Amino acid sequence: LPIGADRVNEQPQIRPAVDNDTAAIRTIAVATGLFAADELEGFDERLTGYLDGTLAEDAWLVLESGTGEVVGAAYYAPEPFSDRVWNLFFIGVMPDDQGGGAGGALIRHIETALREKGEDHARVLIVETSGLDNFTLTREFYAKHGYDEEAHIRQFYGPDDDKVTFWKSLVG
Ligand SMILES: CC(C)(COP(=O)(O)OP(=O)(O)OC[C@H]1O[C@@H](n2cnc3c(N)ncnc32)[C@H](O)[C@@H]1OP(=O)(O)O)[C@@H](O)C(=O)NCCC(=O)NCCS
């Protein structure tokens, strides 16, 4: 039996990322088109800081498909210089697995984890994405999960690429 074949019918599972997930997470970052392979420096810095415990409040999650393969990942952390605002800095699902509910499971998991921290630690979750046409489905994804389109920062990601910030209350 191939390794993992006994797991084929298991349910997808979300768990904290560990050292061994680094390659899969980087693959997702690049395969989703969110990062170029040579632009992963800042991304790696955050991931390493989480794995070695330096960035103790940060959280990286992975989603394993029923076959035990890591097909989704997310990273969220407190927003500096804010009052109990958290930022979902990264969420990605491998292209072949998109539209199958993995992203939704990840974002619900994150909201639940932040709500469980209580209002003293987490009041608001924001998530930022591009205003370009090829991110229309992404913006719809956040809207479907109850995020308000809160702000546009013009030219943020490039001369023709605005940043759109989505906002959701974690309280009440
Ligand atoms: C955005 C993303 C995380 C959503 O995860 P997902 O597993 O594809 O989404 P789900 O299956 O849980 O939800 C599907 C819904 O999200 C939206 N959606 C977003 N991207 C989609 C895609 N590539 N394919 C299908 N639906 C998509 C649709 O509105 C869909 O609604 P529907 O089910 O009513 O048709 C994922 O598609 C992705 O990684 N996209 C590319 C990278 C990206 O944009 N990341 C966010 C950067 S800020």
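Refer to the structure printed above.
Residues numbered from 1 in each chain as written. Predicted model: local features only at pLDDT ≥ 70, side-chain atom pairs only at ≥ 80, totals over all residues. Heavy atoms only, no water.

**Here we look at the pattern of salt bridges**
Then, in step 1: This structure, assessed with the given rule, holds seven salt bridges.
Then, in step 2: The salt bridge involving aspartate 83 is made with arginine 123; its shortest N-O contact spans 3.6 Å. With aspartate 83 in the loop between strand 3 (70–78) and strand 4 (85–93) and arginine 123 in the loop between helix 3 (102–117) and strand 5 (124–130), the pair connects residues that are 40 residues apart, well separated along the chain.
Then, in step 3: Looking at aspartate 83, the relative accessible area reads 42%, which means it is partly exposed. (Salt bridge = Lys/Arg side-chain N within 4 Å of Asp/Glu carboxyl O. Helix = DSSP H or I, 4+ residues; strand = E, 2+ residues; numbered from the N terminus. Buried < 20%, exposed > 50% of the residue type's maximum accessible area, 1.4 Å probe, protein only.)

**Observations concerning the packing of aromatic side chains**
Then, in step 1: Taken as a whole and judged by the stated rule, the model has 12 aromatic pairs.
Then, in step 2: Relative to tryptophan 60, the ring of phenylalanine 43 lies with its centre 5.2 Å away and its plane at 90 degrees, an arrangement referred to as edge-to-face. Pair noted here: phenylalanine 43 is in helix 2 (residues 41–51) and tryptophan 60 is in strand 2 (residues 59–64), with a separation of 17 residues, a long-range link. Of the two residues, phenylalanine 43 and tryptophan 60, both sit in the buried class.
Then, in step 3: Centre to centre, the rings of tyrosine 142 and phenylalanine 166 are 5.5 Å apart; their planes meet at 45 degrees, and the pair counts as tilted. Of this pair, tyrosine 142 sits in helix 4 (residues 136–144) while phenylalanine 166 sits in strand 7 (residues 161–169), and the two are 24 residues apart along the sequence. Taken individually, tyrosine 142 and phenylalanine 166 each receive the classification buried, so the pair is uniform in this respect. (Phe/Tyr/Trp six-rings, centres within 6.5 Å; stacked < 30°, edge-to-face > 60°.)

**Section: the site of the ligand**
Then, in step 1: The ligand sits among 21 residues. The nearest are Gly101, Gly103, Gly104, Thr138 and Lys144.
Then, in step 2: Contact between the ligand and alanine 102: an oxygen atom at 3.4 Å from a main-chain N or O atom of the residue.
Then, in step 3: One of the side-chain N or O atoms of threonine 138 is found 2.7 Å from an oxygen atom in the ligand.
Then, in step 4: Breaking the shell around the ligand down by element, the ones donating at least two residues are strand 4, helix 3, strand 5 and helix 4.
Then, in step 5: It is helix 4 that provides the largest number of residues to the shell around the ligand, a total of six residues.
Then, in step 6: The residue makeup of the shell around the ligand, split by class, is eight nonpolar, 10 polar and three charged. (Near = heavy atom within 4 Å. Polar contact = N/O pair within 3.5 Å; in protein donor to acceptor, adjacent residues only side chain to side chain. Nonpolar A, V, L, I, M, F, W, Y, C, P; charged D, E, K, R; others polar.)

**Some thoughts on the packing of helix 1 (residues 22–31) against helix 2**
Then, in step 1: Relative to each other, helix 1 and helix 2 sit at 150 degrees, their axes nearing to 12 Å. Judged by the angle between their axes, helix 1 and helix 2 are roughly antiparallel. Helix 1 and helix 2 meet at a crossing whose hand is right-handed. In this structure, helix 1 uses Thr22, Ile25, Arg26 and Ala29 to contact helix 2, whose residues at the interface are Phe43, Asp44, Leu47 and Leu51.
Then, in step 2: In terms of residue class, the contact of helix 1 with helix 2 is made up of five nonpolar, one polar and two charged. (Axes fitted to C-alpha atoms, helices over the stretch in contact; angles between N-to-C directions. Parallel < 35°, antiparallel > 145°, perpendicular 65-115°, else oblique. Left-handed = near helix turned anticlockwise from the far one by under 90°. Contact = heavy atoms within 4.5 Å.)

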